[in-house]
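Remarks on the overall topology
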Amino acid sequence: MTASQHVDVAVVGGGIAGASAAWWVAQAGASVVVIEREPQPALHATGRSAGTLSETSGHPVVCALTTASRPFFEQPPVGFAPTPLVAPKGMVWIGRHDDGPMLDDIAAAGRALRPSVRRLDPQETRALLPGVSAGATAGGGVHEPDAVAVDVGLAVECFLRGLRPSGGRVITSAEVIFGLRRRDRWTLDLGGERVGASVVINAAGAWGDVLAERCGLPPLGLRALHRTVAVTDLPPERADVAPGWPLVMDVAGRGYFEAVEDGLLMQGTTTKAK
């Protein structure tokens, strides 16, 4: 099996992880190609996320990486983006009466990275989020005032556009059928095209295990789950207070909500796999 194109690095997945990795690879002087299964990049988790840079959300390693990446998003290289990538937002974790220990852990870990992170009691939480039910905030909350909104679509666009000066390429509507490694080089079969690369970066997100298995590697246990997202009108009695809310995340993973131009955006995750 021979490849029609050879690059230093092939990135599989065109979301924020794949796009940013490809950009940094190109900046280091390596040749790179991004392979995206969908007709355009960032259609899945990247394009359907809260779009928030938070230093209290996720595994401790993820939080530390977020802290390290913050300066880039706040002050990207000159000419990288035509408009700012971030805007003030803030974030609050909330929890029910038995969620207190999880909130304590998030507050402690968050303060280690961002001193402004503060643990809230139930009364303080409801004062910050007037109208949110007492049951949903019975365990109190954690306030991360320095969390910022990220223009994710613009960021991905700029990362991928930044590949062009070095000859980087983005292949859309292309899925890795299987990959084979011989000596020090991978060959990826995309059906109608083959790409050779010294290094493959697996940025396929929830489908990362699918790609790994197609390349003869053991899976990690990743699953693609359904998300339920809805935008609803605000009730008249909340129309004047909800627009001032920060992003609100449930600490047990039951979902999140935030005020948007058309009302209130709510997201929940189910354990049903796609």
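Coordinates for the structure precede this section.
All values derive from a computational prediction rather than experimental measurement.

Glancing now at the pairing of strand β7 (residues 141-144). Both faces of β7 are covered, namely the face carrying Gly 141 and His 143 and the face carrying Val 142 and Glu 144. When strand β5 (residues 91-94) meets β7, the two strands line up antiparallel, connected through four bridges. By the bridge assignment for β7, Met 91 is matched with Glu 144. Of the strand pairs in this sheet, strand β6 (residues 118-120) and β7 are connected by three bridges, and their pairing is antiparallel. Its bridge partner being in β7, Arg 119 is matched across the sheet by Val 142.

Think of a sheet as strands paired side by side through backbone hydrogen bonds, with each pair either parallel or antiparallel. The strand order across the open sheet built from six strands is β9-β2-β1-β12-β11-β10, with neighbouring strands paired in mixed fashion. Each having just a single partner strand, β9 (169-171) and β10 (178-182) make up the two edges of the open sheet. Averaged over all adjacent pairs, the angle separating strand axes in this sheet is 40 degrees, with direction ignored. Pairing of strand β2 (residues 32-35) with β9, which is carried by three bridges, proceeds in the parallel orientation. Counterpart to Val 33 in the pairing with β9 is Arg 169. In the packing of helix α1 (residues 16-27) onto the sheet, the strands contacted are β1 (5-12), β2 and β12 (194-202), and the crossing angle to β2 comes to about 170 degrees.

This paragraph deals with helix α2 (residues 60-74). End to end, α2 covers 21 Å across 15 residues, agreeing with the expected 21 Å (1.5 Å per residue, within 8%). The sharpest bend along α2 reaches about 35 degrees and sits at Ala 68, with the proline Pro 71 one to four residues further on. By the burial criterion, the buried members of α2 are Cys 63, Thr 66, Arg 70, Phe 72 and Phe 73. Against the buried residues of α2 lie α1, β3 (52-53), β4 (86-88), α3 (100-113), β8 (148-150) and α5 (152-161).

Below, the discussion takes up the nonpolar core. Membership of the largest hydrophobic core comes to 28 residues, with the highest contact counts inside it found for Val 11, Val 32, Phe 73, Phe 80, Leu 85, Phe 159 and Leu 163. Elements supplying a minimum of two residues to this core: β1, α1, β2, α2, β8 and α5. Broken down by element, the residue count for this core peaks at seven residues, all from α5. Residues within four places of Leu 163 in sequence aside, it is in contact with Ala 22, Trp 23, Ala 26, Val 32, Val 34, Gly 168 and Val 170. If you look at the next biggest cluster of nonpolar residues, it comprises 16 residues, including Ile 35, Ile 171, Ala 174 and Ala 197.

About the cut-offs
Residues numbered from 1 in each chain as written. Predicted model: local features only at pLDDT ≥ 70, side-chain atom pairs only at ≥ 80, totals over all residues. Heavy atoms only, no water. Buried < 20%, exposed > 50% of the residue type's maximum accessible area, 1.4 Å probe, protein only. Helix = DSSP H or I, 4+ residues; strand = E, 2+ residues; numbered from the N terminus. Pairing = 2+ DSSP bridges. Axes fitted to C-alpha atoms, helices over the stretch in contact; angles between N-to-C directions. Contact = heavy atoms within 4.5 Å. Expected span 1.5 Å × (residues − 1). Bend = angle between axes of the 7 residues up to and from the residue. Core = buried A, V, L, I, M, F, W, Y, C linked by side-chain atoms within 4.5 Å.

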